[in-house]
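Results of the structural survey
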Amino acid sequence: MKILVAVKRVVDYNVKVRPKADGTGPDLANAKMSINPFCEIAVEEAVRLKEAGVASEVVVVSIGEKTSQEQIRTALALGADRGILVETGESLQPLAVAKCLKAVYDQEQPQMVLMGKQSIDGDNNQTGQMLAALAGIGQGTFASEVKVDGESVNVTREIDGGLQTVGLKLPAVVTTDLRLNEPRYASLPNIMKAKKKPLDTTTPADLGVDIAPRFEVLGVEPPPSRSAGIKVADVAELVDKLKNEAKVI
Ligand code: AMP
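Scope of this entry: the structure provided in the associated data block. (Residues numbered from 1 in each chain as written. Predicted model: local features only at pLDDT ≥ 70, side-chain atom pairs only at ≥ 80, totals over all residues. Heavy atoms only, no water.)

**Let's talk about the site of the ligand**
Put simply, the rule reads: One heavy atom suffices: a residue is near a molecule or strand as soon as one of its heavy atoms comes within 4 Å of it. Between N or O atoms, a polar contact is any pair within 3.5 Å; within protein, one atom must be a potential hydrogen donor and the other a potential acceptor, and residues adjacent in sequence are included only when both atoms are from side chains. The numbering of helices and of strands both runs from the N terminus, where a helix is a DSSP run of H or I of at least 4 residues and a strand a run of E of at least 2. All amino acids are sorted into three groups, where Ala, Val, Leu, Ile, Met, Phe, Trp, Tyr, Cys and Pro are nonpolar, Asp, Glu, Lys and Arg are charged, and the leftover types, Gly among them, are polar.
Not every one of the 17 residues close to the ligand is listed here, only the nearest: Ala-6, Ile-63, Ser-119, Asn-125 and Thr-127. One of the side-chain nitrogen or oxygen atoms of Asn-36 is found 3.1 Å away from an oxygen atom of the ligand. For the ligand, an oxygen atom lies 2.7 Å from a polar atom in the backbone of Asn-125. Every element with two or more residues in the shell around the ligand is listed here: strand 4 (57-64) and strand 6 (112-116). At three residues, the largest contribution of residues to the shell around the ligand is made by strand 4. Counted by class, the shell around the ligand contains seven nonpolar, nine polar and one charged residues.

**What to know about helix 4 (residues 127-135)**
Selection criterion: Burial classes follow relative accessibility: with a 1.4 Å probe on protein chains only, a residue under 20% of its type's maximum area counts as buried, one over 50% as exposed, and anything between as partly exposed. Read the arc as the range of directions from the helix axis to the C-beta atoms. Contact criterion: two residues are considered in contact whenever any of their non-hydrogen atoms come within 4.5 Å of each other.
When we look at burial in helix 4, the residues that qualify are Thr-127, Gly-128, Leu-131, Ala-132 and Ala-135. Down the axis of helix 4, the smallest arc covering the buried residues is 135 degrees, so these residues share one side. Buried residues along helix 4 sit in contact with helix 3 (94-108), strand 6, strand 7 (138-149) and strand 10 (172-176). Note on helix 4: the residue one or two positions beyond its end, Gly-136, has a positive phi of about 70 degrees.

**With respect to the pattern of salt bridges**
Keep this limit in mind: For this analysis, a salt bridge means a side-chain nitrogen from Lys or Arg found within 4 Å of a carboxyl oxygen belonging to Asp or Glu.
Under the counting rule described, the total for this entry stands at 16 salt bridges. In this structure, Lys-2 and Glu-108 form a salt bridge, with 2.6 Å as the shortest nitrogen-oxygen distance. Of this pair, Lys-2 sits in strand 1 (residues 2-6) while Glu-108 sits in helix 3, placing them 106 residues apart in sequence. Residue classification places Lys-2 among the buried positions, given a relative accessible area of 17%. The salt bridge partner of Glu-145 is Lys-147, with a shortest N-O separation of 3.5 Å. Taking relative accessible area as the criterion, Glu-145 reaches 35% and is therefore assigned partly exposed. Among the ionic contacts, a cluster of salt bridges with common partners joins Lys-2, Glu-57, Arg-82 and Glu-108.

**Section: the state of the cysteines**
Condition: Sulfur atoms of two cysteines make up a disulfide when they are within 2.5 Å.
On inspection of all chains with the given rule, the structure shows zero disulfides. Just so you know, Cys-39 is unpaired, no disulfide at all, and the nearest cysteine sulfur is the one on Cys-100, 15 Å from it. Classification of Cys-100 by relative accessible area gives buried; the value is 0%.

Spatial relationships are all this shows, so hold off on functional conclusions.
Structure, rendered in structure tokens:
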């Protein structure tokens, strides 16, 4: 079985992002970029399925600037077999990404598409769901366990207050949650080997995809900074303030 994994290049989760002075978006100049953490979990799961003999090929796809090749190479070093870059200088919205992925899905005909549940830059949580709808296939989102059983897959989902297991006919889209696995580190020999793995490049135009934006970001601002705390003399004063000023008790 072939697995297609979608990986997004995003600002590294350790970077403290600040908005640009004009509020049009986050300031990413010189910021460290990485694979979106949920996509890394998707790569790990695909590689584990390959190591378990369930999957035969793991293909990684990323949509973005040429620099997204770095994240594809990282995924190849983690164990994926080949990569596809859908190159564009435009910043794509989830529907456009889902349409590009649908075109790659049609070309590659994978039995499963593994994706992150959410990209940590846009916090959209939309692309997997949109891809499943465009492709007319099932979806198991927020997966904390994935068990392939012949022509179907059981996905245990993290939902409010518990777990839900859904059975899906393959092909299907599965989006990963944090507890699905702990991604491995790429070893130096595997990083070297990854440089020789195939990486094809295409474009949204080659795929015949309309990437026109459907919404406009009106502003980006940081959360309000915390005001300074105060010291109270005793418990009685604390209780008084909680009751009469904060009105929380
Ligand atoms: P989102 O809907 O933006 O929160 O993203 C959910 C998932 O969709 C990500 O974890 C990726 O697996 C996939 N995805 C989103 N944008 C891209 C992109 N530009 N290239 C590849 N995969 C993407």
